[in-house]
Amino acid sequence: MSGFGLVLGGGGARGLAHLGVWAVLEEAGLSPQVLAGTSMGGLVAAFIAAGASAAELRRVSETVSWRRLIDWRLGTGLLRASSFEAWLAAHLPPTFEELRLPLAVTATDVLTGRQVYLRSGDLYTALRATTAYPGAIDPVPLDDMLLADGGILNQVPVDAALFLGVRKVAAVDVTSPRPLELPERRRRWRQSPPLGAVQSLRRAVDIMQAQLTDARLSLYRPDVLLRPELEGIDLQSFRRGAQAMAAGEAVARAELTRLHALVS
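Cut-offs applied
- Residues numbered from 1 in each chain as written.
- Predicted model: local features only at pLDDT ≥ 70, side-chain atom pairs only at ≥ 80, totals over all residues.
- Heavy atoms only, no water.
- Phe/Tyr/Trp six-rings, centres within 6.5 Å; stacked < 30°, edge-to-face > 60°.
- Helix = DSSP H or I, 4+ residues; strand = E, 2+ residues; numbered from the N terminus.
- Buried < 20%, exposed > 50% of the residue type's maximum accessible area, 1.4 Å probe, protein only.
- Axes fitted to C-alpha atoms, helices over the stretch in contact; angles between N-to-C directions.
- Parallel < 35°, antiparallel > 145°, perpendicular 65-115°, else oblique.
- Left-handed = near helix turned anticlockwise from the far one by under 90°.
- Contact = heavy atoms within 4.5 Å.
- Nonpolar A, V, L, I, M, F, W, Y, C, P; charged D, E, K, R; others polar.

**Q** Whenever I open this one, the packing of aromatic side chains confuses me. Can you help?
**A** Two numbers describe a pair of aromatic rings. These are the distance of the centres and the angle of the planes. Across all of its chains, the model carries three aromatic pairs by this definition. Judged by centre distance (6.2 Å) and plane angle (15°), the rings of Phe 84 and Trp 87 are stacked. One end of the pair is Phe 84 and the other is Trp 87, both in helix H5 (residues 81-91) and three residues apart, which spans about a single turn. Taken as a pair, Phe 84 and Trp 87 share a single burial class, namely buried.

**Q** Would you mind showing me how to read unusual backbone geometry here?
**A** In most cases, non-glycine residues show a negative phi, while peptide bonds are predominantly trans. In this structure, Ser 39 takes a positive phi of about 55° despite not being glycine. Positive phi values are uncommon outside glycine, yet Asp 143 reaches one of about 55°. In this structure, Asp 143 sits in the loop between strand E5 (140-142) and strand E6 (145-149).

**Q** Would you take a moment to explain the packing of helix H1 (residues 17-27) against helix H3 (residues 54-63) for this structure?
**A** A pair of packed helices can be characterised by two numbers: the angle between their axes and the separation between those axes. Where H1 meets H3, the axes come as close as 9 Å, and the angle between the chain directions of the two elements is 160°. One way to sum up the angle between H1 and H3 is to call them roughly antiparallel. Here H1 runs over H3; the crossing is left-handed. Residues Leu 19, Trp 22, Ala 23 and Glu 26 of H1 form the contact with H3, whose own contacting residues are Ala 54, Leu 57, Arg 58 and Ser 61. Grouping the amino acids of the contact of H1 with H3 by side-chain chemistry returns five nonpolar, one polar and two charged.

Structure follows, in structure tokens:
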């Protein structure tokens, strides 16, 4: 298959950077032939695969209440599945086959510990599964599997795009953790714990995902890898969506020559 694949990584609110990347690609006339994504990246990829423009995606992201729709705070225990599916139904077709472009999203079968590629059948269930962040959203049953967030094993699924038939890939990674800056009052290590239990767990997950992502990207190297500057934006910083989008736009513009080379 000619053309290139666009791969969008997971990362909660950090994934809103994908909208900025898409705006630059669309403006430059660079349309992917296939899409792949994980978690928030899978959700954005589904909209692009359905034909959504950058302006439409931005409008959707600015009008939805992410906290009411998807709650990634650890310990909350559930996703409002019916609300999420109703929202998906208002914007997306019900099956992969009805999308304009081929799409694959990743999930993790928590029963077997294996990664799963979802690319046919029920789109809404697939998107619920790929966004099922461990400890915050219940895993999603599908056939004989119990599916959770694809980022557990494959945060930036370059291999999924290659499996769909393209030879060139542009990937957006929004998971790489920077050194953690603590407030001054938390730097007195012996007087009080510097991090709470939830923040410590989330930080540990971020570090593990980043290390695993680097390892996988060394095996499946994208032709262009975009890593937006997302300082201060964590999993649930949806109020900083404009900042995330601007960061995605900036990194895409900086690499526009290499992005154009994907179709030359």
